[in-house]
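Structural characterization, general
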Amino acid sequence: MTPERPHPLCLISACLCGVACRYDGGASTVKSLARLGARGFALAVCPEVDGGLPIPRPPCEISNGRALTRGGTDLTANFTAGAAHALRLAREHGIRFAIFKEKSPSCSGTMIYDGSFSRTLVPGQGIAAALLQAHGIRVLSELNFEEGLAASAREDAHAARLVSLLFSERRR
């Protein structure tokens, strides 16, 4: 009999899991998150690729709620389709947390580029992060996920399990 696959407890940006799916074809690997994904405790998602965009692809920034390339091509429909896919996965698996890439026009929970392509950050959310948060899914970043999960662990069994798994990953 084969062992049962663990139930996924969160979504993680695929680039943080080591998947080379960033706009420039790279990854932004966080080893502990990659191991959670590899062990089946997380689902890796890339809303941009899941929405039909290629790797690599032109960089986009959010301007007036639209995902635009430097040349003005509107890719909002792709971003929105990928965000809807992430939400479907979260609902299907009862997921209440996402650990997403900060500064991404899809995934960022707090800071995005301002749409001028001048590398200027402003408060704001990526399209997928905003949709997930609007549906009650807490979005954390690779910069604050440990603190965010620890703060939620007392009231949320999924957060407590993730904290435990991350702690065990540190000891490896």
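Numbers given to residues run from 1 along each chain, matching the order in which its sequence is written. With the structure being a predicted model, the display of local features is reserved for residues of pLDDT at least 70 and the display and counting of side-chain atom pairs for 80 or more, all residues being used for whole-chain, interface and lining totals. Only hydrogens and water are set aside when side-chain values are computed; all heavy atoms of the structure are taken into account.

1. Considerations on the overall build of the protein
Each helix is a run of H or I in the DSSP string that is no shorter than four residues. Each strand is a run of E no shorter than two, and both are numbered from the N terminus. Per the secondary structure count, the protein includes six helices and eight strands. Helices and strands appear in the protein in the N-to-C order β-α-β-α-β-β-α-β-β-β-α-β-α-α. A compact globule built from 172 residues would reach a C-alpha radius of gyration of about 16 Å, and the protein, at 16 Å, matches this within 12%. Dimensions of the protein along its principal axes, counting C-alpha atoms only, are 50 × 35 × 30 Å. Accessibility here uses a 1.4 Å probe with only protein chains present; expressed as a share of the type maximum, an area under 20% marks a residue as buried, one over 50% as exposed, and anything in between as partly exposed. Taking all 172 residues of the protein together, 45% fall into the buried category. Contacts in the protein between residues far apart in sequence, at least 24 positions, make up 64% of those at least 6 positions apart. Of the accessible surface of the protein, which amounts to about 8,600 Å², a share of 54% is contributed by carbon and sulfur atoms. Computed over 20 positive and 15 negative side-chain charges, the separation of the two mean positions in the protein equals 5 Å. Radius of gyration: C-alpha atoms only; globule rule: 2.2 Å multiplied by the number of residues to the exponent 0.38. In this description, contact between two residues means that some pair of their heavy atoms is separated by no more than 4.5 Å. What sets the accessible areas is the Shrake-Rupley method with a 1.4 Å probe; for residues, cover comes only from the shown protein chains. By the counting scheme adopted, Arg and Lys are positive, Glu and Asp are negative, and His together with the chain ends is not counted. The atom standing in for a charge is NZ when the residue is Lys, CZ when it is Arg, CG when it is Asp and CD when it is Glu.

2. Considerations on the pairing of strand S2 (residues 42–45)
Pairing of strand S1 (residues 10–13) with S2, which is carried by four bridges, proceeds in the parallel orientation. Residue cysteine 10 lies in a different strand from S2, and its bridge partner there is alanine 42. Between any two strands, at least two bridges found by DSSP are needed for them to pair.

3. As for the environment of phenylalanine 167
Residue placement: phenylalanine 167 occurs in helix H6 (residues 157–170). Looking at phenylalanine 167, the relative accessible area reads 46%, which means it is partly exposed. With 87 residues separating them in the primary sequence, phenylalanine 167 and threonine 80 have C-alpha atoms 34 Å apart.

4. Quick notes on the environment of serine 106
Within the secondary structure, serine 106 is located in the loop between strand S5 (97–100) and strand S6 (111–113). For serine 106, a relative accessible area of 1% corresponds to the buried category. Beyond its immediate chain neighbours, meaning those up to four positions away, serine 106 contacts Pro47, Glu48, Phe79, Gly126, Ile127, Ala128 and Ala129.

5. Re the pairing of S5
On S5, burial covers both faces: Phe97 and Ile99 on one face and Ala98 and Phe100 on the other are all buried. Alignment of S1 against S5, held across two bridges, turns out to be parallel. The partner of isoleucine 12 across the bridge, within S5, is isoleucine 99.

6. Comments concerning the sheet that holds S5
Spatially, four strands are ordered S2-S1-S5-S8 in an open sheet, and the strand pairing comes out parallel. In the strand order of this sheet, the two ends are held by S2 and strand S8 (138–141), each with one partner. Taking the axes of each pair of neighbouring strands and ignoring which way they run, one obtains an average angle of 25° across the sheet. Lying on the sheet, helix H5 (residues 145–152) is in contact with S5 and S8; it crosses S8 at an angle near 145°. All axes here are fitted lines through C-alpha atoms, helices being fitted over the stretch that makes contact, and every angle between N-to-C directions spans 0 to 180 degrees.

7. A look at the packing of helix H3 (residues 76–93) against helix H4 (residues 127–134)
One can describe the packing of H3 onto H4 by two numbers: an axis separation of 8 Å at closest approach and a directional angle of 40°. Of the possible angle classes, the one that applies to H3 and H4 is oblique. Crossing handedness for the pair H3 and H4: right-handed. Contacts between H3 and H4 pair Thr76, Phe79, Thr80, Ala83, Ala84, Ala86 and Leu87 from the former with Ile127, Ala128, Leu131 and Leu132 from the latter. The class makeup of the residues in the contact of H3 with H4 is nine nonpolar, two polar and no charged. If an angle is under 35 degrees, it is roughly parallel; if it is over 145, roughly antiparallel; if it lies from 65 to 115, roughly perpendicular; otherwise it is oblique. The hand of a helix crossing depends on one turn: near helix anticlockwise from the far one by less than a right angle means left-handed, and clockwise means right-handed. Gly is placed with the polar residues, together with every amino acid not listed as nonpolar (Ala, Val, Leu, Ile, Met, Phe, Trp, Tyr, Cys and Pro) or charged (Asp, Glu, Lys and Arg).

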